[in-house]
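Chain by chain, the residues run as shown.
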Amino acid sequence: MGTFIARRLLYSIPVLIAASFLVFFGMSLVTDPLSQLRLIPNMSQDTLQNIIDRKHLDDPIFIQYAFWVKDMFFNGFGSTAIGNKPIWPDLQRAIGNTLQLVLISELIAIVLAVILGVLSAKKQYSIFDYTTTTISFFGFSVPIFWFALVLQALATTFFLRTGIRLFYTFGQSSLNAANPFLDRVQHMVLPIVTLAYVNVATYSRYQRASMLDVLHSDYIRTARAKGLSERTVTMKHALRNALIPIVTVAALNFGAVLGGAVITETIFAWPGMGKFFIDSLIRGEVHTLMAWLMVTAVAVILANLVADIIYGLLDPRIRYD
Amino acid sequence: MTEPVLAIRDLVVEFDTQDGVVHAVDGVSYEVYPGETLGVVGESGSGKSVTVLAALGLIQMPPGRIARGQVLYKGRDIVGLPIDELRKIRNKEIAMIFQDPMTSLNPVFTVGNQIAEALLAHNDNMSSDQARAESVGLLDMVGVPNPDRRFDQYPHEYSGGMRQRAMIAMAMANKPSVLIADEPTTALDVTIQAQVLEVMKVAAEETGAATIMITHDLGVVAEMADRISVMYGGKVVETGTVEDLYHSPRHPYTLGLMMSLPRITGDLTRLLPIPGNPPSLISRPPGCSFHPRCRMSEGRELCRTVVPELAEVSEKHFSACHFWDEVADEVLREAAATGMSAREGRLD
Amino acid sequence: MTDQQVHPDEALETEVTRAALDSVHLEGLEIQSLTQWQLARRKFFQHRLAMTALVILTVVAVAALFADYIAPYPFDAPNVPDRSLAPTFEGFHIFGTDKIGRDYFSRTLYGTRTSLYVAFIVASVSTFLGIVIGGIAGYYGGKVDNLLMRMTDLFLVVPFLAVLLVLSAFLGAGNPVRVAFILAVLFWTGLARIVRGEFLGLREKEFVEAAKVLGASDSRIIFRHILPNTVGPIIVNATLIVATAILVEAALSFLGFGIQPPFPALGKLISDGQDSLTTQWWLATFPGLTIVLIALCINFIGDGLRDALDPKQRIR
C-alpha cells in the first residue's frame, strides 16, 4: 500500500511539471501583467522597470519558469507583480473557505445520491423512480449560475416580504453578528445547496445505474437463493458493489470542484479558490494563477489517489503492490 | 410408491416484454422423489432454468409472472407464498447451485463469509464462531484443501472448480431436501467437470437430498440421473428413465437429440443436427411446437392444430407426441439413413 | 445440440430478440430480419419522452433560425417609452422589456439562435476531432495513443471551466465562432477516449481479423468495418456535447468571458437581469428557462438515442 501511494505520487510529478510549464509558457506569451499600469498616465519608468527586474520579465521563458519554481518552493509562491503582495496567505485563506463549501456539499451530495439512487433502482419504474429521474434530468439541464440566481431571488424576496433573514445571498459573514456560527451557516446554505444540487443529479444517476447493474447480477440471485432477507441482499451484497463506481466519479469531481466552484463562489461572493482564480484572471496575474493551478492540480491528484484507495478497500480484487 | 418431495404441476411462467408476452414456461410438470436424481434436458430457451427459478420466486416479478400452476414441496403449494415464508424454504429446504461460479459468488466478500451467511440466515441461535466451524467443515466435505485458510479467501483467489465446490458447500449448508443444480459444470473445464459432479453426488448421498440436474449435456445426465425430463419450447415433451430415453426415445425431438450426439462406439462419421431453430416464445407455432422441425409431422393436420398431451408409453415413460408409437420406426429409418448398425431399433 | 454457455436470462433475451426478428413465425424457419438501424429507429420512436423533446426542440430551433422574421422587435433597439415592462400581451412583450425598453422575447429568440449555432459548431468540430484522433490512437496504438492519453491526463488535472476561462480571457472571445472553437478544443477529448476504447476493442474482433486476412486496406477496415460499429456511442456523445456546450457557453457569457455584445447570448441576458432580480424578475427568468428547456430536450433525446443505439452505456 505504501509503495503504491509512493509510486502514484511519483508518477504524478511529470504531469505536474508538464501542466505547470505549459500553462506558465502559454500565459507568459499572451499576458502582460503590466498592461494596466502602462495605461496609467505619468507612470514612472522606474516603477515599471522595478517590477520587470523583480519578476525577471526580460529573461528567457525558461529562466522565468525556474525563478517561479524557486519561489513556489521557498517563498510560498512568491508575490504578486503589482503591489508585491505575498500570494500564500491569500491562497491559504481561499483554500480554507472553499474546503468548507466543497466538503459539506460533496458529503450531502454523496449521501443523498446514494439513497436516491438505491431507492430508484430498487423500485425501478415506480413513481418514485420517475420523479427522481425527472428531477435529476433537470439537475443536469439547469445552468448552475441561473439556479444560484433563482435561489438568491427567492431568499431576497422572502426577506423583503417577511423581514426575516433566513439565508444571506452574499459574502461569508456579517459584521457584528450576534452568533458568528449561525451567521456563517446562514451564509453557507445557498452556495452549498447550489453545489450539491447539480452533483446529486449526476451522482444519483450513476448510483442508480450501478445499483441496477448489480441487482441483476448472478451473485444477488445466489444471495436470494440462500434465503437471505431482501434487506441483507440490498444493504450487504448489492450496496457494497454498487458503491464502487460512484467513488471514482465523486473523487474526480471533488478535485475539479475544489479549484473550480468558480461560478458559485462568484455569484455568492464567497472568498474561495474560484473567486481567487477569477480575480487573478481579471488582473492578468500570472503568478497567482500559477499558484492556483498548482494547488488545484495537486488536489485533483490527491483526490484520485484517495479514490483508488477507497476503491481498493471496497473491492478485494484490486491489489496494490 | 413414495410421495415426490418436489412436484411441479402445470406451471406457466410468462414475461411481459416490449415485443409481447414471452411464454417461457408453458405448462411444465415434473416431480422428483427423495434420494433420486432427475435430469432436465433442453436447449437454451426451452424454459428449463426459468421453471426452477420461478418455483423459488427468483425471477424478476414483474416483468415475469407465474400465470398458472403449482409447485408442491412435500405436498404444500409454495407458489404465491409471502416472501418471508418463501425465504425460509430457500436453501434450508430447496437449495440451488448455479451455472457460473465466477459470477455467482459475490466478489467483495470472503467465500467463508458467504457460506456462513447461509447458516446464520436459517439458524437463529447460531453464533458466528459456530457458523465458521461448520462452514470450514462444509468446505472440507466438498474437498477444498486447507479449508480453514480458504475460509478467509475471496472468490477471485479460488480456481473455477474450487468455486463450484464452494457453491455446493453453500447449497448443502442447511442439509436441504432438494438440491437444484442449474448447468453446474457448463462453465468449467472438462477435466474439472467430473470431479465437481462427483462432489455433488457424494454431497447429495450424504444428506439424502433429491437432485434436479438441469443441463444441456446429455453425457452429464447419463452419468448422474435416474430419470430424465426433456423440455422443448417451454414444455416437457418426454419423461422417462435414462434407459428409456437413451435406448427407446418416443418423441422425435428426443430422438433428434440422441442422433446429434457423437458416439464412440458407432461407425457413424457425421452428426445429425436437428434442422431449423427453436420456436419463438412469443408467437408459438400452433399445435405441437416441434412440428415445423419434425419430419414425422409432414402432411399431418393433427400436428399443426392440436397441442399433444403427455401420453403414457409404459410405466414411468411419457411422450407428448401424437404419433409416439411411430418413433420406433423412425429410429430405424434414421439409423438406415446414416448407415449405423441398428440393433432391434435401439440406439447405443 | 447447439446449446452454448448461455445464461438463462441471456437465453431468454436472445429468444426475445429472435422473436422480434422473426416476421414469419408460422412458417417457422424463414427469418426476415430487421436491420440494426430499423430496430434502433423503432426503439427511438417508441421513446415517448425523447420524441416529445425532439418535437419541442425542433419548434424552438426553427423559431430561432427564423428569428429575423419571427421576432416582433429588433434585437438591440431601445424603445424608452416601453421600458421595464413586465410580461404583457400589449405590444407582444410576452417576456417583458428591460430598462431601455428592449423587447426580451426578441432578445431571447436571438440569443437562442446564437446558443444553438455555437453548440452546433462545437458538436461538429469536437466530434470530428474526437473521431479522427481517438480512431488513430485506438487503431494504431503506439505513440499517438500515448500522446493522446497523456493529453487527456493533463486536461483531467486542471478544471475544465478554468482552462476555458483562461483561453477565452487571453485569446479574446466575444464572437460566437471564436467561443465555439475554444469550446471545441476542449470538448473533443471525452469523445476521443470513447472512440479509442471502441476501436481498441473492435480491432481485435474476428470480423476485422477476417478483413485483414482478405487483404483489406487500413482505410477500408476503418471506414467499412470499424467505424459503422462505433456510430451509436458517437451519436449519443455528440448529442450530449450539444447540451453541455449550451450550458458552458451560457456560463462563460454570464461571467463575461464568452460571447459579448453586440452579439446576442442567453448567458449575457441573464447577467444583465442579475441586478434587478427582485424588481424585474422576468429579465433573468425567461432566458434561463429557455436554456433549461433546450438542455432538457437535448438530454431527453440523448437518453432516447442511448436506449436505441448504445444500450451498454446507460448511465444517466
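Basis of the calculations
Residues numbered from 1 in each chain as written. Chains lettered and ligands numbered in written order. Predicted model: local features only at pLDDT ≥ 70, side-chain atom pairs only at ≥ 80, totals over all residues. Helix = DSSP H or I, 4+ residues; strand = E, 2+ residues; numbered from the N terminus. Buried ≥ 20, exposed ≤ 12 C-beta atoms within 10 Å, placed from the backbone. Contact = placed C-beta atoms within 7 Å. Expected span 1.5 Å × (residues − 1). Bend = angle between axes of the 7 residues up to and from the residue. Nonpolar A, V, L, I, M, F, W, Y, C, P; charged D, E, K, R; others polar. Axes fitted to C-alpha atoms, helices over the stretch in contact; angles between N-to-C directions. Parallel < 35°, antiparallel > 145°, perpendicular 65-115°, else oblique. Left-handed = near helix turned anticlockwise from the far one by under 90°. Pairing = 2+ DSSP bridges. pLDDT = per-residue confidence, 0-100.

Participant: Got a minute to help me understand the overall build of chain C in this structure?
Facilitator: The helix and strand tally for chain C stands at 12 helices and zero strands. Each helix and strand of chain C, placed in order from N terminus to C terminus, yields the pattern α-α-α-α-α-α-α-α-α-α-α-α. Burial analysis of chain C (316 residues in total) assigns 45% to the buried set.

Participant: Looking at this structure, how should I read the overall build of chain B?
Facilitator: The number of helices and strands found in chain B is 13 helices and 12 strands. Taken along its principal axes, the extent of the C-alpha atoms in chain B is 70 × 45 × 45 Å. At a minimum sequence separation of 6, the contacts of chain B that also span at least 24 residues come to 64%.

Participant: Sorry, what's going on with helix α8 (residues 176-203) of chain C here?
Facilitator: In an α-helix there are 3.6 residues to a turn, and that puts residues three or four apart on one side. In this model α8(C) runs 39 Å from its N-terminal to its C-terminal C-alpha over 28 residues, within 8% of the 40 Å that 1.5 Å per residue would give. Along α8(C), the sharpest kink reaches roughly 35 degrees, centred on C:Val185.

Participant: Please clarify how the interface of chain C and chain A should be interpreted in this entry.
Facilitator: Size of an interface: often given as the accessible area lost when the parts come together. Every contact between the two is made by 34 residues of chain C and, on the other side, 36 residues of chain A. Elements supplying a minimum of two residues to the side of chain C that touches chain A: α6 (142-157), α7 (160-171), α10 (218-255) and α12 (282-309) of chain C. Broken down by element, the residue count for the side of chain C that touches chain A peaks at eight residues, all from α12(C). Here the residues of the side of chain C that touches chain A sort into 27 nonpolar, four polar and three charged.

Participant: When you look at the packing of helix α12 (residues 273-283) of chain A against helix α13 (residues 286-314) of chain A in this model, what are you seeing that I'm missing?
Facilitator: For any two helices packed against each other, the geometry is given by the interaxial angle and the distance between the axes. Residue and element names in this part refer to chain A. Contact geometry of α12 with α13 gives a least axis separation of 8 Å together with a crossing angle of 150 degrees. Relative to α13, the element α12 lies roughly antiparallel. Considering the relative orientation of α12 and α13, their crossing is left-handed. In contact with Met 273, Phe 276, Phe 277, Ser 280 and Leu 281 of α12, α13 contributes Thr 288, Leu 289 and Trp 292. Partitioned by chemical class, the residues of the contact of α12 with α13 number six nonpolar, two polar and no charged.

Participant: Would you mind going over the environment of B:Val199 with me for this structure?
Facilitator: All names here are of chain B. Within the element layout of this structure, Val 199 appears in helix α8 (residues 190-207). Among the residues examined, Val 199 registers 21 C-beta atoms within 10 Å and is labelled buried. Measuring from C-alpha to C-alpha, the distance between Val 199 and Val 142 comes to 5.9 Å, with 57 residues separating the pair along the chain. Contact partners of Val 199, with chain neighbours within four places excluded, come to Val 142, Gly 143, Arg 165 and Ile 168.

Participant: Just checking my understanding: could you explain the pairing of strand β1 (residues 6-17) of chain B for this structure?
Facilitator: When a strand is regular, its side chains alternate between the sheet's two faces. Residue and element names in this part refer to chain B. Both β1 and strand β2 (residues 20-32) contribute to a ladder of 10 bridges, which runs antiparallel. The residue of β2 that forms the bridge with Asp 16 is Val 21. Once β1 ends, the chain turns through two residues before running back antiparallel as β2. Here β1 runs beside strand β4 (residues 64-73); their pairing, made up of eight bridges, is antiparallel. Bridge pairing links Phe 15 to Gly 64 in β4.

Participant: Would you explain the sheet that holds β2(B) in this entry?
Facilitator: Pairing is antiparallel in the open sheet, where four strands are placed in the order β2-β1-β4-β5 (chain B). Looking along the sheet, the strands with just one partner apiece sit at the ends: β2 and β5 (76-77) of chain B.

Participant: Could you clarify how one ought to interpret unusual backbone geometry in this entry?
Facilitator: Among all residues except glycine, the phi angle is most often negative; among peptide bonds, the trans geometry is most common. Cis geometry is found at the peptide bond from C:Pro261 to C:Pro262, where omega equals 10 degrees. Among the secondary structure elements, C:Pro262 is positioned in the loop between α10 and α11 (266-273). Of note, the phi angle at B:Lys74 is positive, near 50 degrees, even though the residue is not glycine. Its location among the elements puts B:Lys74 in the loop between β4 and β5. One non-glycine residue with positive phi stands out, namely B:Asn146, at about 50 degrees. Within the element layout of this structure, B:Asn146 appears in the loop between α5 (128-141) and α6 (147-150).

Participant: Looking at this structure, how should I read the confidence of the model for chain B?
Facilitator: Do not read the predicted coordinates in detail wherever pLDDT is low. Confidence along chain B averages 83 in pLDDT terms, with 91% of residues attaining 70 or more. In this model, residues 341-348 of chain B is a region of pLDDT below 50 whose contacts with residues beyond four sequence positions or in other chains number 13 contacts.

Participant: Explain the packing of helix α3 (residues 48-65) of chain C against α12(C) to me, please; I cannot follow it from the model alone.
Facilitator: Residues and elements named next belong to chain C. Packing of α3 against α12 leaves a shortest axis separation of 8 Å and a crossing angle of 140 degrees. Compared by their axis directions, α3 and α12 come out oblique. α3 and α12 meet at a crossing whose hand is left-handed. Note on element contacts: α12 touches α3 through Leu 293, Ile 294, Cys 297, Ile 298, Phe 300, Ile 301, Asp 303 and Gly 304, opposite Leu 49, Ala 50, Ala 53, Leu 54, Ile 56, Leu 57 and Val 60. Broken down by class, the residue content of the contact of α3 with α12 amounts to 13 nonpolar, one polar and one charged.

Participant: Sorry, what's going on with the environment of B:Ser135 here?
Facilitator: All names here are of chain B. Note that Ser 135 resides in helix α5. Of the residues examined, Ser 135 has 27 C-beta atoms within 10 Å and is grouped as buried. On a C-alpha basis, the gap between Ser 135 and Ala 166 in space is 9.7 Å, while along the polypeptide they are 31 residues apart. Each residue touching Ser 135, except ones within four places of it in the same chain, is listed here: Gly 112, Ile 115, Ala 116, Leu 119 and Phe 151.

Participant: Can you help me understand the sheet that holds strand β12 (residues 317-319) of chain B in this one?
Facilitator: Pairing between the strands of a sheet is mediated by backbone hydrogen bonds and can be parallel or antiparallel. All names here are of chain B. If you walk across this open sheet you meet the eight strands as β6-β7-β8-β3-β9-β10-β12-β11, and the pairing is mixed. Two strands in the sheet have a free side with no partner beyond their single neighbour: β6 (94-97) and β11 (311-314). Each adjacent strand pair in this sheet contributes to an overall mean axis angle of 25 degrees, direction not counted. Pairing geometry for strand β7 (residues 178-182) and strand β8 (residues 210-215), over five bridges, is parallel.

Participant: Teacher, can you tell me more about helix α9 (residues 218-225) of chain A here?
Facilitator: Residues and elements named next belong to chain A. Within α9, seven of the eight residues are buried, which leaves it mostly tucked inside the rest of the structure. Taken as a whole, α9 has its buried residues at Tyr 219, Ile 220, Arg 221, Thr 222, Ala 223, Arg 224 and Ala 225. Within two residues after α9, Gly 227 carries a phi angle of roughly 90 degrees, on the positive side.

Participant: For this particular structure, what's the right way to read the environment of A:Asn42?
Facilitator: Residues and elements named next belong to chain A. Counting through the fold element by element, Asn 42 comes out in the loop between α2 (35-39) and α3 (45-54). Given 4 C-beta atoms within 10 Å, Asn 42 falls into the exposed group. Sequence separation of Asn 42 and Trp 292 is 250 residues, and the distance between their C-alpha atoms is 33 Å.

Participant: How should the confidence of the model for chain C be read in this particular structure?
Facilitator: All names here are of chain C. Averaged over all residues, the pLDDT of chain C is 77; the fraction at 70 or higher stands at 85%. Contacts of residues 1-32 to residues separated by more than four positions or lying in other chains number 53 contacts, the stretch itself having pLDDT below 50. As a predicted assembly, this complex carries a pTM of 0.81 together with an ipTM value of 0.85.

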